[in-house]
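Listed below, chain by chain, are the residues.
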Amino acid sequence: YLYFSIFLYDLISMEKSHLSYSIWGNFENKTKLYLEKLKNKVNDSFKGPKFPIHLTISSHFKGKKIEIIKKLNLASKKIKKFTIETNNYDFRKKFFQSIFIKVKLSKQLKSKKKLIDELLNAKKTFYHPHISLHYGNLSNTDKKKIISNLNSYKKKIKIVEIWFVKNNEKKLKWKIIKKFKL
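Residues numbered from 1 in each chain as written. Predicted model: local features only at pLDDT ≥ 70, side-chain atom pairs only at ≥ 80, totals over all residues. Heavy atoms only, no water.

### So, the overall build of the chain
Check the secondary structure of the chain and you find 5 helices and 7 strands. Start at the N end of the chain and walk to the C end: the helices and strands fall as α-β-α-β-α-β-β-α-β-α-β-β. For the chain, the spread of C-alpha atoms along the three principal axes comes to 55 × 35 × 30 Å. For the chain, buried positions account for 44% of its 182 residues. When the accessible surface of the chain is totalled, it reaches about 10,900 Å², and 54% of it is carbon and sulfur. Of the side-chain charges in the chain, 44 are positive and 13 negative, and the distance between the mean point of each set is 1 Å. (Helix = DSSP H or I, 4+ residues; strand = E, 2+ residues; numbered from the N terminus. Buried < 20%, exposed > 50% of the residue type's maximum accessible area, 1.4 Å probe, protein only. Areas by Shrake-Rupley, 256 points an atom, 1.4 Å probe, with all protein chains shown as cover. Lys, Arg positive; Asp, Glu negative; His and termini not counted. Charge placed at Lys NZ, Arg CZ, Asp CG, Glu CD.)

Written out as structure tokens, the structure reads:
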């Protein structure tokens, strides 16, 4: 009964709010540590919200947590570790794409995203793969200055896990619900 009540509360609160879920790709430990240091370096100059370094694979969907976990369990068995290709830095005039590492939208990444989106019945939206280093509203001048002080980052890096994440973008909080090894 308690489990059902928690499940029902979670479902109702998700439906009535601005909360949503997303799926993040996570990196090998050595890469993750390097990228976290890089993100911290960027955020030392201009304070932004704290978030774990990641590659968003799918986002802004809703559903029953237990069902999503079952589907991601299945996905994690079908998806093997895969490599993404980064291509230096860029910025946009978007809060959640303020400063980031560009990621090539390869056939391999497209196929992994498609499998996850289809399992979760996620709406098709424009996909701009990137690894955020800063969230915020900075001037283009500030963004260019920050990027000019960073070492080049053109590497192939491995995605070794997918994370199921609860998003509260209004409060700028993200909670990792479950991690799945690939």
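Resuming the write-up.
### Digging into the layout of surface pockets
The space that makes up the largest pocket amounts to roughly 700 Å³. In terms of lining residues, the largest pocket is bounded by 32 residues, among which T56, S59, H60, Q97 and E169 are the most central. It is strand β2 (residues 55-61) that contributes the most residues to the lining of the largest pocket, 7 residues altogether. Taken together, L105, K110, K113, K114, D117, E118, A122, K124, T125 and Y127 form the lining of the second largest pocket. In terms of residue class, the lining of the second largest pocket is made up of 3 nonpolar, 1 polar and 6 charged. (1 Å grid on protein atoms, 1.4 Å probe; cavity = no way out; pocket = protein on both sides within 12 Å on 5 of 7 lines; lining within 4 Å. Points joined across faces, edges and corners; volume = space filled by probe spheres on them. Nonpolar A, V, L, I, M, F, W, Y, C, P; charged D, E, K, R; others polar.)

### A short note on the side chain of N167
One can find N167 in strand β6 (residues 156-168). A polar contact is formed between the side chain of N167 and the backbone oxygen of Y21, at a distance of 3.3 Å. Looking at N167, its side chain comes within polar contact range of the side chain of S22, at 3.0 Å. Setting aside residues up to four positions removed in sequence, N167 forms contacts with L19, S20, Y21, S22, H60, K173 and W174. (Polar contact = N/O pair within 3.5 Å; in protein donor to acceptor, adjacent residues only side chain to side chain. Contact = heavy atoms within 4.5 Å.)

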